[in-house]
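Remarks on the overall topology
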Amino acid sequence: MLRVLVQALVIVGIIATDVAAGTTISLWAVPLSILGGTWSWYRRRDRNIAVKFLLAIGMLVALGAFFGRLIQELNDTRVVLAELLIQVQVLHSFDLPRRSDLGYSMVIGLILLGVAGTVSQTLAFAPLLLIFLAIALPTLVFDYRSRLGLKPEKHPTGTQKKKKINYGQLGFYGFLFSLVLAIGLVIFAVMPRFPGYQLQTFPVSSPIEIPGDLDGRQIVNPGYGNGDGDGTGGDGSEGPGEIDDTFYYGFNNRMNQNLRGEMTPKVVMRVRSQAEGFWRVLAFDRYTGQGWEIGRNEEATTLRRPSWSYQFNVPFDRTRQGRTQEIVQSYTAVSDLPNIIPALYEPKSLYFPTDQVTFDTEGSLRSPLGLVKGLTYTVISEVPYRDRAVLSQAPTTYAKAIRDYYLQVPPEISDRVRQQTEEILASSPNPLTSPYEQALYLAQYIKQNYSIPNDPFGLPFLGPEDDLVETFLFQQQGGYPDHFSTVYTVMLRSIGIPSRLVVGFAPGEFNPFTGLYVVRNTDAYAMTEVYFPEYGWFAFDPIPGHEIIPPSIQEYQTFSVLRALWRWVAGWLPSPVTGFLQALFSILGGWLVGSIIWVLRLFTQGWLGLFTGAILLTAVAFLGWLAWSGFQQWRYRRFLAKMPPVERLYQQMLDTLGRQGYRKHPAQTPFEYARELHQHQPQTDASAVEEISHAYVSWRYGGSEPNLGLLQQRLEALKKRSQLRRK
């Protein structure tokens, strides 16, 4: 049975590796491993010298294949190492003459499960983890019994009865499984999440050869067809049309906002990041009247990496003031995407499988080829903190390069849009003296006073002479989500605040069990970036239903997974229950934080505050000790109350003697313990112990009823003498 259970552990580990890494190793490894385990059982008493030589040769071949693959997969060696372990396990399964060698197989199964856990990006790994746990518990029990030399009871020949299922043992394993699972989930939820990625190498796919001389300047979005101007969006530059139901129309050199329709939800990528954020893709600087374009696309530069490394050094503004935080993100494409590279603003290092990428004037990255399903890359971004007080004091003098490209508004609508913007800002109850406050107020006003139609085809197409911003503000009183960002950007430009349109993905749905953000094509949208001299670009979101300030860097939240898990649970609860629990947590949390702050302030108020705080903390510790002691006594009384009277009396005697330092060893019988006490206790106490022990054994194994009153007197006398000796 032990061999069968160990074999099952290994099989689960192999299958878990296949499920997590998308390989097919189990097709040959599982049958061979079962064959090897069966063969080694029948040949366990033979020397098998010839087979051992063949296994040694097989080990060397596996090692050579491992080093060959290792050179090709230096970017991520986890799956390569897992394959080597599987090969070693298959060979090892043919060479298990002793039970002690099963320990190697158990460890290999555990390592394979660990590798699968680090590679897995979905919850498909969770059932295999539970199966592994269910098999591992009895395996450990059988292994322990085997090491102690304990064997199952055998019946004499001819008297062996049909073995019945031991439901008590199954219940114990069920309880143990539930307990381990519950403790593991609690630890997982409350475990602090500190910034990860402390290694110097990051997940990247295998190298990709670039055919021809592709440089990534031109973005190839399959949603726009062949760019032949067929009236459905064509090359994205102009004309009415319909949105592609798979690819977001904004991922293109030219963004045509005279399109109608909606996308069908589809998962496009998974992201592991140290912080939540807007996965930025492209930014546009030139407004065309019905959309946007990248005005300086020809100035995009080609970045190349050295042949021995996957790292690209991305140019970024090193003179920018203000706090920043280094954030590492790893992206895995789940379905095909255009040749864009999503990343948090502002990227400084990119680990990508091609030997070149393109970096444009708007701080965006592009790949020479489209992102194919399964491609993985990593970005390190220097993300700025968003401090409202600091940005409100930012200078208002802009460099010529900023004025030339980010204040452009079509002359036909400039005056009318500026007048409308100034009237909106003048309606503020408080004076708006800084561009940051003006940007906040304007975004809030647009969100509250303009609407989105329910029908994705409800608004008429724009004519050749129509302007999107003018139509939005003065005719339709609203538009589709991305139209809000376009109108907001142009309104800011009209009053002299540099801004640009940026497109990308919302953070997506966070999975607290995998630690990944699941991003869909419908998470793609456009918002506005505003420039603040000396501090750089910061995003604002004027779309109704969105937060004005998109996800940004704040102080690191150590218990972020616990918060995410609560949000996930709250999504399944009725709104009244969620509201009540949130209010309760808010009150308790506010009281706790306020109490801690009040105590900490005491220590800053001179010697009197220091002594007061120390006395208060000592008193709290004393009350906590009293509460803990009372809880232990209450639990002990409940423990005794559940026992029969004789057993309760015997247990009280053991506790009394244990406090004196004479604890009963679990392997000792009651009589052995009583005889040992004759050497350490006075004759009176030793006689009382022996009398109580004899009564307990007679009741336990003989069914006799002792004189409880007399035994209780002996116990009370023993307790009194024990207390006197302690005094």
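Residues numbered from 1 in each chain as written. Predicted model: local features only at pLDDT ≥ 70, side-chain atom pairs only at ≥ 80, totals over all residues. Heavy atoms only, no water.

So, on to the sheet that holds strand β18 (residues 524-532). Strand pairing in a sheet relies on backbone hydrogen bonds. The paired strands run either parallel or antiparallel. Sheet architecture is open: four strands sit in the order β5-β15-β18-β19, paired in antiparallel fashion. Each end of this open sheet is capped by a strand with a single partner; those strands are β5 (279-284) and β19 (536-540). Looking at each pair of strands side by side, their axes are set apart by 40° on average, direction ignored. As paired strands, strand β15 (residues 499-505) and β18 are joined by seven bridges and run antiparallel to one another. Note on β18: the bridge partner recorded for Gly504 is Tyr525. (Pairing = 2+ DSSP bridges. Helix = DSSP H or I, 4+ residues; strand = E, 2+ residues; numbered from the N terminus. Axes fitted to C-alpha atoms, helices over the stretch in contact; angles between N-to-C directions.)

What follows concerns empty space enclosed by the protein. By rolling a water-sized probe across the atoms, one finds the places where empty space is left. Enumeration according to the criterion identifies four cavities of 30 Å³ or more in this entry. The space that makes up the largest cavity amounts to roughly 270 Å³. Surrounding the largest cavity, 19 residues form its lining, Tyr345, Val383, Ala539, Pro551 and Ser552 being those nearest its centre. When contributions to the lining of the largest cavity are tallied by element, the ones reaching two or more residues are β14 (376-384), β18 and β19. The dominant element in the lining of the largest cavity, judged by the number of residues it contributes, is β19, at three residues. A class-by-class count of the residues in the lining of the largest cavity yields 13 nonpolar, two polar and four charged. (1 Å grid on protein atoms, 1.4 Å probe; cavity = no way out; pocket = protein on both sides within 12 Å on 5 of 7 lines; lining within 4 Å. Points joined across faces, edges and corners; volume = space filled by probe spheres on them. Nonpolar A, V, L, I, M, F, W, Y, C, P; charged D, E, K, R; others polar.)

All right, on to the pattern of salt bridges then. The final tally for this structure, using the stated rule, is 20 salt bridges. Arg280 is the salt-bridge partner of Glu529, the closest N and O atoms lying 2.8 Å from each other. Taken together, the positions of Glu529 in strand β18 and Arg280 in strand β5 put the pair 249 residues apart, joining distant regions of the chain. Judged by its relative accessible area of 5%, Glu529 is buried. On the accessibility criterion, Arg280 (5% relative accessible area) is buried. (Salt bridge = Lys/Arg side-chain N within 4 Å of Asp/Glu carboxyl O. Buried < 20%, exposed > 50% of the residue type's maximum accessible area, 1.4 Å probe, protein only.)

Ordered by their spatial adjacency, seven strands build an open sheet running β9-β11-β14-β10-β4-β17-β16, and the pairing between neighbours is antiparallel. The sheet is open, and its two borders are formed by β9 (311-313) and β16 (509-511), each paired with just one other strand. Taking each pair of neighbouring strands and ignoring which way they run, the sheet shows an average axis angle of 25°. Where strand β11 (residues 347-351) meets β14, four bridges bridge the pair, whose relative direction is antiparallel. Residue Leu350 lies in a different strand from β14, and its bridge partner there is Val379.

On to the UniProt feature "transmembrane region" (unreviewed entry) in the protein chain, then. When the UniProt feature table is mapped onto this chain numbering, "transmembrane region" (unreviewed entry) sits at residues 49-68, 102-119, 125-144, 170-191, 580-600 and 607-628. As annotated, residues 102-119 has a helix share of 100% and a strand share of 0%, and its two end C-alpha atoms lie 26 Å apart. Taken end to end, residues 607-628 comprises 100% helix and 0% strand; its first and last C-alpha atoms sit 31 Å apart. (UniProt positions renumbered as here; feature names shortened; annotations may be inferred.)

Of note, the bond from Tyr345 into Glu346 is cis; its omega dihedral lies within 30 degrees of zero at 10°. Mapping Glu346 onto the fold places it in the loop between β10 (324-333) and β11. Residue Gln477 is not a glycine yet carries a positive backbone phi of 55°. Tracing the backbone through its elements, the reader meets Gln477 in the loop between α12 (468-476) and α13 (481-494). Unlike most non-glycine residues, Glu534 shows phi in positive territory, near 75°. Inspection of the secondary structure assignment puts Glu534 in the loop between β18 and β19. Its relative accessible area of 40% is what places Glu534 among the partly exposed residues.

Okay, the side chain of Ser485 next. Relative to the elements of secondary structure, Ser485 occurs in helix α13. Residue class for Ser485 comes out buried when judged on its relative accessible area of 0%. Once residues within four sequence positions are removed from consideration, Ser485 is found in contact with Leu501, Ala526, Met527, Thr528, Pro542 and Ile543. (Contact = heavy atoms within 4.5 Å.)

Turning our eyes to something else, we now look at the confidence of the model for the protein chain. Taken over all residues, the pLDDT of the protein chain has a mean of 84, while the share at 70 or more is 87%. In the predicted structure, residues 195-200 sits below a pLDDT of 50 and forms ten contacts with residues beyond four places in sequence or in another chain. Note on residues 226-234: pLDDT under 50 across the span, and 15 contacts to partners over four residues away in sequence or across chains. (pLDDT = per-residue confidence, 0-100.)

What follows concerns the packing of helix α11 (residues 435-449) against α13. Running from amino to carboxyl end, α11 crosses α13 at an angle of 145°, the nearest separation of the two axes being 11 Å. The element α11 and its partner α13 pack so that their crossing is right-handed. Contacts between α11 and α13 pair Ala439, Leu440, Leu442, Ala443 and Ile446 from the former with Phe484, Tyr488, Met491 and Leu492 from the latter. Classifying every residue of the contact of α11 with α13 gives nine nonpolar, no polar and no charged. (Left-handed = near helix turned anticlockwise from the far one by under 90°.)

Time to look at the pairing of β10. The element β10 is extensively covered by neighbouring structure, given that eight of its ten residues are classed as buried. Pairing geometry for strand β4 (residues 267-273) and β10, over five bridges, is antiparallel. Considered in β10, the bridge of Met269 is made with Ala333. Pairing analysis gives nine bridges linking β10 to β14, with the strands arranged antiparallel. Bridging across to β14, Val328 finds its partner in Ile380.

Close contact between helix α1 (residues 2-21) and helix α2 (residues 26-42) brings their axes to 10 Å; oriented N to C, the two are set at 165°. As the angle between them shows, α1 and α2 are arranged roughly antiparallel. You can see that α1 and α2 cross each other, and the crossing is right-handed. Only Ser26, Leu27, Ala29, Val30, Ser33, Ile34, Gly37, Ser40 and Trp41 of α2 make contact with α1, whose side of the interface consists of Arg3, Gln7, Val10, Ile11, Ile14, Ile15 and Asp18. Counted by class, the contact of α1 with α2 contains nine nonpolar, five polar and two charged residues. (Parallel < 35°, antiparallel > 145°, perpendicular 65-115°, else oblique.)

This part is about the nonpolar core. Grouped together as the largest cluster of nonpolar side chains are 90 residues, with contacts concentrated most on Leu350 and Phe505. If near-sequence neighbours (up to four positions away) are discounted, Leu350 is found in contact with Tyr310, Gln311, Phe312, Val314, Ile341, Val357, Leu365, Tyr377, Thr378 and Val379. Judged by nonpolar contacts, the second largest core, of 25 residues, contains Ile14, Ala20, Ile108 and Ile135. (Core = buried A, V, L, I, M, F, W, Y, C linked by side-chain atoms within 4.5 Å.)

Moving on to the pairing of strand β17 (residues 516-520). β17 sits mainly inside the fold: four of its five residues count as buried. Bridge count between β4 and β17: four bridges; the pairing is antiparallel. Opposite Met269, over in β17, you have Val519 as the bridge partner. Note that β16 and β17 share three bridges and pair antiparallel. Note on β17: the bridge partner recorded for Phe510 is Tyr517. Hairpin connection between β16 and β17: a loop of four residues separates the two successive antiparallel strands, and Gly515 in this loop has a positive phi of roughly 75°.

Let us now look at helix α17 (residues 645-659). Here α17 contains 15 residues, and its C-alpha end-to-end distance of 21 Å stays within 8% of the 21 Å for a straight helix at 1.5 Å per residue. One or two steps after α17, the chain reaches Gly661, where phi turns positive at roughly 105°. (Expected span 1.5 Å × (residues − 1).)

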